[in-house]
Amino acid sequence: MVMLCSISLMAQDNNLVVIGNQSGTPADIKMNELKAVFRGERQRWGDGTKVVIAMIKTTTPLGNEISEKIYSMNGDGVRGFWAGISFAGKFDPPNVFNTESEVETFVSQNPGAIAILDRTTTTPDVKTILVSGKKTF
């Protein structure tokens, strides 16, 4: 019984939320599609709006958690991954920010912008994007 409670508590600590600008981003996305977006494999949303990635710095605990869940690598690996893609000219690198509020502000001001945080947002022009029908992953 004690083991089940601790597993449940650990799972709650790792809930991430996908947010997006009201314009362009989908209401729901599958996990494999989310990973493809954050890996620069998808450049436009279904309505033609350009995908714009916003990220918290990978040197932060949240940034490192996102790196592990989306890229299956640590923050250093993600920075190297994006350096290679950017150098090759395949995709614009993510817009990187120090704080979650900076990420939210950027997403609210840029159609097609998407980001991952560890909390929901009440910022105008920003919506929560469901991941396979769920608010958190």
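Data block above holds the structure.
As the structure is a computational prediction, the values presented were derived from the model and not from experiment. Numbers given to residues run from 1 along each chain, matching the order in which its sequence is written. Selection of residues for local features in this predicted model requires a pLDDT of at least 70, selection of side-chain atom pairs for listing and counting requires 80 or more, and totals for whole chains, interfaces and linings are taken over all residues. Only hydrogens and water are removed before side-chain values are computed, so all heavy atoms of the structure are retained for them.

**As for the overall build of the protein**
When you go through the protein residue by residue, the secondary structure sums to five helices and six strands. N-terminal to C-terminal, the α/β element order of the protein is α-β-β-α-β-α-α-β-α-β-β. Note on classification: 1.4 Å probe, protein chains only; a residue is buried when its accessible area is under 20% of the maximum for its type, exposed when over 50%, partly exposed between these limits. Within the span of the protein, comprising 137 residues, buried residues form 40% of the whole. Pairs at least 24 apart in sequence give 67% of the contacts found in the protein among residues at least 6 apart. Surface exposure here means Shrake-Rupley accessible area, sampled with a 1.4 Å probe, where a residue is shielded only by the protein chains that are shown. For the protein, the exposed area adds up to about 7400 Å²; of that, 55% sits on carbon and sulfur atoms. Numbering of helices and strands starts at the N terminus; helices are DSSP runs of H or I of at least 4 residues and strands are runs of E of at least 2. The contact criterion used is simple: two residues touch if any of their non-hydrogen atoms lie within 4.5 Å.

**What to know about the environment of asparagine 15**
Checked against the element boundaries, asparagine 15 lands in the loop between helix 1 (2-13) and strand 1 (17-21). Here asparagine 15 falls in the partly exposed class, since its relative accessible area comes to 31%. Measuring from C-alpha to C-alpha, the distance between asparagine 15 and arginine 119 comes to 8.1 Å, with 104 residues separating the pair along the chain. If sequence neighbours within four positions are ignored, asparagine 15 has contacts with Asp118, Thr136 and Phe137.

**Here's the deal with unusual backbone geometry**
A positive phi angle, close to 55°, is found at serine 72, a residue other than glycine. By relative accessible area, serine 72 is classed as exposed at 55%. One non-glycine residue with positive phi stands out, namely serine 132, at about 55°.

**Focus: the nonpolar core**
We call a set of buried residues a nonpolar core when its members are Ala, Val, Leu, Ile, Met, Phe, Trp, Tyr or Cys and they connect through side-chain atoms within 4.5 Å of each other. Counting 36 residues, the largest nonpolar core has Leu34, Phe38, Ile114 and Ile116 as its most contacted members. Broken down by secondary-structure element, the contributors of at least two residues to this core are strand 1, helix 2 (31-38), strand 3 (52-56), helix 3 (61-71), helix 4 (75-88), helix 5 (100-109), strand 5 (113-117) and strand 6 (126-131). When sequence neighbours within four positions are dropped, the list of residues in contact with isoleucine 114 reads Val18, Ile19, Gly20, Leu34, Val37, Phe38, Trp45, Val52, Ile53, Ala54, Val107 and Ile129.

**Digging into the pairing of strand 5**
With five of its five residues buried, strand 5 lies for the most part within the structure. The alternating pattern of strand 5 places Ala113, Ala115 and Leu117 and Ile114 and Ile116 on opposite faces, both of which are buried. By the bridge criterion, four bridges tie strand 1 to strand 5 in an arrangement that is antiparallel. When the bridges of strand 5 are listed, glycine 20 appears paired with isoleucine 114. Any two strands between which DSSP finds at least two bridges are classified as paired. The pairing of strand 3 with strand 5 spans two bridges and is classified as parallel. By the bridge assignment, valine 52 is partnered in strand 5 with alanine 113.

**Some remarks on the side chain of serine 67**
Summarising the element assignment, serine 67 is placed in helix 3. On the accessibility criterion, serine 67 (0% relative accessible area) is buried.

**Some thoughts on the pattern of salt bridges**
One speaks of a salt bridge when a side-chain nitrogen belonging to Lys or Arg is within 4 Å of a carboxyl oxygen belonging to Asp or Glu. For the structure shown, the criterion picks out four salt bridges. Its salt-bridge partner being aspartate 76, residue arginine 79 comes within 1.9 Å of it at the nearest N-O pair. Taken together, the residues arginine 79 and aspartate 76, both in helix 4 and three residues apart, mark about one turn of the helix. The closest approach of N and O atoms between arginine 119 and glutamate 100, which form a salt bridge, is 3.3 Å. Residue arginine 119 is found in the loop between strand 5 and strand 6, and its partner glutamate 100 is found in helix 5; the two are separated by 19 residues along the sequence. Each member of the salt-bridge network shares a partner with another, and the members are Glu100, Glu104 and Arg119.

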